[in-house]
Amino acid sequence: MISQMREHAPLPAGQPRWLESGWYRIATTWPGDAGPAPRILLAREGDGEGEGVYPMGLVAGTAEGIVAIAQGHYRLRLAPPAGDVVIEPIGRTAALRAMWRAASAPADDARGPRWPTGVLRLMSGLRRGPRGLTNALVEAYRRRLFLRGHALLGRATASYRPAPWPALSEDALLVPPVRDAGRLADVPRHGDDAGGGLMLQRALPWLPIEAGWYLLRLSCRGVDGDPQPLLLQPDHGHGPVPDRGVFLSADAQAEGGQLLVMFDSPALSLWLRTAWRHAELAVESMQLIRIGRLRALWEMLRGSVPGTGTLPGETLRFLRESRTAGLSAAADALLRRYNRLHDIGPEPYAAWTLCFDTLRGSDLAQLRLRAAAFGQGPEFSVLVPVYNTPEPWLRRCIDSVLAQVYPRWQLCIADDASSDPAVSRVLEEYAAKDPRIRVVRRESNGHIARASNTALEMATGAYVALLDHDDELRPHALLEMAQAIVDDPTLDLLYSDEDKIDGEGRRFDPYFKPDWNPDLLRSQNYVCHLSVIRTSLVRAVGGFRPGFEGSQDHDLVLRCSERVEPSRIRHIPKVLYHWRAIEGSTALSRDAKDYAAAAGVRAVDEHLARCYPGARAEELSHGHYRVRWPLPTPAPRVSLLVPTRDRACLLRTCVESVFERTDYPDFEVVVIDNQSSEPDALAYLDELRLRARVRVLRFDAPFNYSAINNRAAGQCDGEILGLVNNDIEVVSPDWLREMVSHAVRPEVGAVGAMLYYPDDTIQHAGVVLGIHGVAAHVYCGMPRGYPGHGGRVRVAQQLSAVTGACLMVRRSVFEEVGGLDESLRVAFNDIDFCLRVRAAGYRNLWTPFAELYHHESASRGSEDTEEKRARFVGEVEAMLQRWGPQLLSDPAYNQNLSLSSLNSEYAFPPRG
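As the structure is a prediction and not an experimental result, all values here were calculated from the model. Throughout, residues of each chain are indexed from 1 in the direction in which the sequence is written. Restriction of local features to residues with pLDDT of at least 70 applies here, the model being predicted, together with a cutoff of 80 or more for giving and counting side-chain atom pairs; totals for whole chains, interfaces and linings are based on all residues. Heavy atoms from the whole structure form the basis of all side-chain values; hydrogens and water molecules are not counted.

**A few points about the overall build of the protein chain**
Okay, so step 1: A tally of regular secondary structure across the protein chain gives 25 helices and 39 strands.
Okay, so step 2: Partly exposed residues are those whose accessible area sits between 20% and 50% of the maximum for their type, while under 20% is buried and over 50% is exposed, using a 1.4 Å probe and protein chains only. Counting every position in the protein chain, which comprises 912 residues, the buried fraction comes to 55%.
Okay, so step 3: The long-range share in the protein chain, meaning contacts at least 24 apart out of those at least 6 apart in sequence, stands at 77%.
Okay, so step 4: Values of accessible area rely on a 1.4 Å probe in the Shrake-Rupley scheme; residue burial ignores everything except the protein chains shown. In the structure as shown, the protein chain presents an accessible area of about 38,100 Å², 52% of it carried by carbon and sulfur atoms. Helix and strand assignments come from DSSP, with helices taken as H or I runs of at least 4 residues and strands as E runs of at least 2, each series counted from the N terminus. In what follows, a contact means two residues having at least one pair of non-hydrogen atoms within 4.5 Å.

**Observations concerning the side chain of Gln798**
Okay, so step 1: On the secondary structure map, Gln798 appears in strand E37 (residues 797-798).
Okay, so step 2: Residue classification places Gln798 among the buried residues on the basis of a relative accessible area of 19%.
Okay, so step 3: Excluding its chain neighbours within four sequence positions, the residues that come into contact with Gln798 are Trp516, Asn517, Pro518, Asp519, Arg792, Arg843, Asn844, Leu845 and Ala892.

**Some thoughts on helix H12 (residues 421-433)**
Okay, so step 1: With 13 residues, H12 should cover 18 Å at 1.5 Å per step; its first-to-last C-alpha distance of 19 Å lies within 8% of that length.
Okay, so step 2: Taken together, the buried positions of H12 are occupied by Ala422, Val423, Val426, Leu427 and Tyr430. In an axial view of H12, the angular spread of the buried residues amounts to 130°, which keeps them on one side of the axis. Structural note: H12 exposes Pro421, Glu428 and Ala432 on the side pointing more than 90 degrees away from its buried face. By this rule the span expected of a helix is its residue count minus one, scaled by 1.5 Å. As used here, the arc is the angular range of directions from the helix axis to the C-beta atoms.

**Details of the packing of helix H6 (residues 293-303) against helix H7 (residues 311-325)**
Describing two packed helices takes the angle between their axes plus the distance from one axis to the other.
Okay, so step 1: Interaxial angles span 0 to 180 degrees and are taken between N-to-C directions of axes, which are lines fitted to C-alpha atoms, for helices over the stretch in contact. Between H6 and H7, the shortest axis-to-axis distance is 8 Å and the interhelical angle comes to 120°. Considering the angle they form, H6 stands oblique to H7. Where H6 crosses over H7, the handedness of that crossing is right-handed. Residues Leu297, Trp298, Leu301 and Arg302 of H6 form the contact with H7, whose own contacting residues are Leu311, Glu314, Thr315 and Phe318.
Okay, so step 2: Ten residues, namely Ala, Val, Leu, Ile, Met, Phe, Trp, Tyr, Cys and Pro, are considered nonpolar, four, namely Asp, Glu, Lys and Arg, are considered charged, and the remaining ones, Gly among them, are considered polar. Split by residue class, the contact of H6 with H7 holds 5 nonpolar, 1 polar and 2 charged. Each angle gets one of four labels, with under 35 degrees taken as roughly parallel, over 145 as roughly antiparallel, 65 to 115 as roughly perpendicular, and the rest as oblique. Helix crossings are classified by the rotation of the near helix relative to the far one: an anticlockwise turn of less than a right angle makes the crossing left-handed, while a clockwise turn makes it right-handed.

**What to know about the confidence of the model for the protein chain**
Interpretation of this model should avoid reading the predicted coordinates in detail wherever pLDDT is low.
Okay, so step 1: Per-residue confidence from the prediction method is given by pLDDT, with values spanning 0 to 100. Here the protein chain averages 84 in pLDDT, and 84% of its residues register 70 or above.
Okay, so step 2: Confidence over residues 1-9 falls short of pLDDT 50; this stretch has 17 contacts with residues more than four positions distant or in other chains.

**A look at the side chain of Asp555**
Okay, so step 1: Position of Asp555 among the secondary structure elements: in helix H17 (residues 552-561).
Okay, so step 2: Of the residues examined, Asp555 reaches a relative accessible area of 0% and is grouped as buried.
Okay, so step 3: Definition of a polar contact: a pair of N or O atoms within 3.5 Å, with one able to donate and the other able to accept a hydrogen when the atoms are protein atoms, and with sequence-neighbouring residues admitted only if both atoms are side-chain atoms. For Asp555, the side chain forms a polar contact with the side chain of Arg559, separated by 3.0 Å.
Okay, so step 4: If near-sequence neighbours (up to four positions away) are discounted, Asp555 is found in contact with Arg545, Phe548 and Ala603.

**Let's talk about unusual backbone geometry**
Okay, so step 1: At the junction of His529 and Leu530, the peptide bond is cis and its omega measures out at -10° in the coordinates.
Okay, so step 2: Along the chain, Leu530 falls in the loop between helix H15 (518-523) and strand E24 (531-534).
Okay, so step 3: In this structure, the amide linkage connecting Thr633 to the following residue, Pro634, adopts the cis form with an omega of 0°.
Okay, so step 4: Topologically, Pro634 is positioned in the loop between strand E27 (625-628) and strand E28 (638-644).
Okay, so step 5: Phi at Asp509 is positive, roughly 50°, even though this residue is not glycine.
Okay, so step 6: A positive phi angle, near 60°, is found at Arg693, a position not held by glycine.
Okay, so step 7: Among the structural elements, Arg693 can be located in the loop between helix H20 (679-689) and strand E30 (694-698).

**With respect to the pattern of salt bridges**
Okay, so step 1: A pairing counts as a salt bridge when a side-chain nitrogen of Lys or Arg comes within 4 Å of a carboxyl oxygen of Asp or Glu. This model, assessed by the stated rule, comprises 55 salt bridges.
Okay, so step 2: Among the charged side chains, a salt-bridge network with shared partners connects Arg616, Glu618, Arg626, Arg628, Asp734 and Glu738.

**A closer look at the pairing of E24**
Within a regular strand, side chains alternate between the sheet's two faces.
Okay, so step 1: Residues Ser531 and Ile533 point to one face of E24 and Val532 and Arg534 to the other, with burial holding for every one of them.
Okay, so step 2: Note that strand E20 (residues 463-466) and E24 share 3 bridges and pair antiparallel. Looking at the pairing, Ala465 lines up with Val532 of E24.
Okay, so step 3: Between any two strands, pairing holds if DSSP finds at least two bridges. Where strand E22 (residues 493-501) and E24 come together, 3 bridges link them in antiparallel fashion. Across the sheet, Tyr495 pairs through a bridge with Ser531, a residue of E24.

**Examining the packing of helix H19 (residues 648-661) against H20**
Okay, so step 1: Between H19 and H20, the shortest axis-to-axis distance is 9 Å and the interhelical angle comes to 25°. Here H19 is positioned roughly parallel relative to H20, judged by the angle of their axes. Between H19 and H20, the residues in contact are Ala648, Leu651, Arg652, Val655 and Glu656 and Asp680, Ala681, Tyr684, Leu685, Glu687 and Leu688, respectively.
Okay, so step 2: Of the residues belonging to the contact of H19 with H20, the class tally is 7 nonpolar, no polar and 4 charged.

**Regarding the packing of aromatic side chains**
Okay, so step 1: What counts as a ring pair is set by centres within 6.5 Å for rings of Phe, Tyr and Trp (its six-membered ring), and what kind of pair is set by the plane angle: stacked under 30 degrees, edge-to-face over 60, tilted for all other angles. Enumeration according to the criterion identifies 17 aromatic pairs in this entry.
Okay, so step 2: An angle of 45° between the planes, with centres 5.6 Å apart, marks the rings of Phe814 and Phe833 as tilted. Taken as a pair, Phe814 in helix H23 (residues 811-816) and Phe833 in helix H24 (residues 829-839) lie far apart in primary sequence, 19 residues in all.
Okay, so step 3: The buried category is assigned to Phe814, whose relative accessible area is 5%.
Okay, so step 4: What links up through ring pairs into an aromatic cluster is the set Tyr349, Trp352, Phe356, Phe512 and Tyr906.
Okay, so step 5: Any Lys NZ or Arg CZ found within 6 Å of a ring centre and within 35 degrees of that ring's normal is scored as a charge over the ring. Above the ring of Phe548, the side-chain terminus of Arg602 is found at 4.8 Å from the ring centroid.

**Comments concerning the environment of Glu815**
Okay, so step 1: With respect to the element layout, Glu815 can be found in helix H23.
Okay, so step 2: When its relative accessible area of 52% is taken as the criterion, Glu815 is described as exposed.

**Describing empty space enclosed by the protein**
Okay, so step 1: Think of a 1 Å grid over the protein atoms and nothing else: a 1.4 Å probe that fits but is trapped marks a cavity, an open set flanked by protein within 12 Å on at least five of seven lines marks a pocket, and residues with an atom within 4 Å of a point count as lining. Grid points are joined across faces, edges and corners, and a volume is the space filled by probe spheres set on the points. Tallied over the full model, the rule gives 5 cavities of 30 Å³ or more.
Okay, so step 2: The calculated volume of the largest cavity comes to roughly 140 Å³.
Okay, so step 3: Forming the boundary of the largest cavity are 14 residues, of which Val778, Tyr779, Arg792, Gln797 and Leu799 lie nearest the centre.
Okay, so step 4: Of the residues assigned to the lining of the largest cavity, the class counts are 10 nonpolar, 3 polar and 1 charged.

**Re helix H11 (residues 391-402)**
Okay, so step 1: Compared with the 16 Å implied by 1.5 Å per residue over 12 residues, the 16 Å span of H11 between its first and last C-alpha is a close match.
Okay, so step 2: Restricting attention to buried positions, one finds in H11 the residues Trp393, Leu394, Cys397, Ile398, Ser400 and Val401. Relative to the axis of H11, the buried residues are bounded by an arc of 155° and lie together on one face.

**Let's talk about the pairing of strand E11 (residues 212-222)**
Okay, so step 1: Among the 11 residues of E11, 8 are classified as buried, and the element is accordingly described as predominantly covered.
Okay, so step 2: Here 5 bridges tie E11 to strand E14 (residues 259-263), and the two strands are oriented antiparallel to one another. When the sheet's bridge partners are listed, Gly212 is paired in E14 with Phe263.
Okay, so step 3: As paired strands, E11 and strand E16 (residues 281-291) are joined by 10 bridges and run antiparallel to one another. Bridge pairing links Ser219 to Ser285 in E16.

**Thoughts on the nonpolar core**
Okay, so step 1: Residues Leu641, Ile762, Leu807, Ile831, Phe833 and Phe908 are the most contacted members of the largest nonpolar core, which totals 68 residues.
Okay, so step 2: The nonpolar core is taken to be a set of buried Ala, Val, Leu, Ile, Met, Phe, Trp, Tyr and Cys residues, with the residues joined through side-chain atoms within 4.5 Å. If you look at the next biggest cluster of nonpolar residues, it comprises 42 residues, including Leu383, Leu456, Ala615 and Val627.

**Side note on the environment of Lys868**
Okay, so step 1: Its location among the elements puts Lys868 in helix H25 (residues 866-887).
Okay, so step 2: Here the alpha-carbon distance between Lys868 and Val826, two residues 42 residues apart in the chain, equals 9.5 Å.

**Some thoughts on the environment of Pro702**
Okay, so step 1: Residue position: Pro702 is located in the loop between E30 and helix H21 (705-713).
Okay, so step 2: The class of Pro702 is exposed, set by a relative accessible area of 60%.
Okay, so step 3: Distance from Pro702 to Arg825, taken between C-alpha atoms, is 9.6 Å for residues 123 residues apart in sequence.

Structure representation (structure tokens):
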């Protein structure tokens, strides 16, 4: 190989070549009109970290670059592919001399480095000795070539200072991603997450934007000249991270000057993006200057002084808070004050709504065009029972219907004998304003169920929409419902996401709901607002039932769902309803109306009596419900399959806790020994062989979780199979009774439990597909008792997958889907199993009422070797190939929630 290169053997276009250590000049012909020179890509043999990117410069129709190959064996190629490539080994001195000439040449454009700056950069390398000086020269050479190529694209640069004083500022690249930046660096994308905006990248793209405090000086507007809310998000190599970074409101930028921002981890680049979709940016200048902690503290103190305050007063306040709460807490409070005063990073949902869920004039115009295209779409009868509603809220409610961009609606208002004369006056005013508004006044107060039935009697539309008298519809609420019905006329029941709105009109506390989830509906009225139901169905089930006031909607939806196939129920994952949250409202607390929770548990209990005799509902302290499902008589035998290897203390804790703390009448423990060798483990296994209801099997082969459990399942006789890790410890005595009571239900497949770490933080509250690529345990690490988004961590519900660390399933279901996939030896075999169970037509279920501790794979160890990492990567690829699209659309998770977070944070931007 070396002899071929010394003969200047050309590298055919597009063909890689392997190089050994040394200095090389790489050259190829490259017409000037072909754009910037190609990049040199180098990858070490056997290295899974990707390719290094090195620049080439243009000299008289030739692209040329110098690279140094460290110890090893590297593959070289050019991107984009060029003509024949000449690879010439050169000496170290000649290489450094050529790089010095290029790095120190006078700038030929206003954006290039100046001579003195280049010399100072080289001098800074002297403190690291000759090697440091060489590295500084190599970096200066590469930076120079990158900036020259960037200048050919006609793009401006930004200023970036990578370290606090006395570091030098350097030019960074600020380019539109994908279209042009690809000539300078490989920019991964994932769909909409990487589209739009500008990418800030150091001139050497493998050098990160460092973590720390920065002063941001930015002059940026939309192409229309107006200030825009911006997102400044980090990119770690896979596109912008949606839940990290800085939100800058339009007001914050309008202030001019500089803003203090902080990045908590290094990033390969930063994405400067408009928070409004379909808008483009025009950046006049941008500086990002890293500063130290003391300077950051000074900027926060100086910038937190309100208009009537003083700097000494703010400083004294900070010192007092430091003495009482600690320096860290005082600094956090100071940063919050600074951000609030400068409108940086508001409350997450406020930022989310501003970015992705605020309708402007142009948006409403587009929505009206959509509505006009429907022609004779479905007509909606909006039912509003009214009783002594405060006038401002009643007007806001009716105005929200009048503001609908979809015109085919009828507003049916039943006044339940209000004693406030303002109610009648307002209703008469609106009835005279629009013929679509019909008002009936009841002679006596009959409460909300009877008033709703009175409104239902007036309905002539094909569908009814339920609206409380002090709540508001979004302008496109009925349009989105009409769109779904036009797309599928068989739909009988539709519901949307919702949020709350206070007396000042501020939106908060959204509920981003799952798709149809009947077990969740028995646990809470998650359907709630906005609900749209076929009118004939509502009348067929008898309308609203008196006696269920406060939960009359929940009772109605339960009865309607009993007559409807799941395929005729549709979730619209958009916030279409604002629930008024004022004092005394159930929007703030279920405790505000105790009768509502009591009515709700009766509604669920009667639903169970009609559909599942023997099951019963209980009210929980937080206003939701638990369903107790009956066990058959006699209770089915359960075989608990416990794979183990050594670590006798873990196995002993697991087995003894099962026998000491389990009140289930008929179970056996099947321990599968996978090549244990430690004396105490072997002694305990011998002890177990002598115990009743325990069997010890031998699996004498390398660890394969799937094969171990498949083999054991074939050698036991339980009607219910339980997959149980050897590092599980029982907490609640009724854990097995709870899980089996679900597993025996004909429609249910796999059943998972609530698992805690030994420190009482959550280890498993169900699995969400797509998080971190394939799937992850949602709410992992949160404290015991954490409610989760919508309170869902407190109640049983359908999920797409649960962990195999503690999983119950009927043997018939296990065998129907072929057990666990033995090609997935360690990771994701439980997820794959659950998805195959779901594909077979069963519902997987998670319950928080079966509580256990999990010591997290303590006997198997971590993925800390090349072999283990390679195996894990292979299992990830297998899951992506098998389940790819489904991993990004978990029906138990909402597209407005992030796949980068375990805690149901909001997606920036939404994935829909």
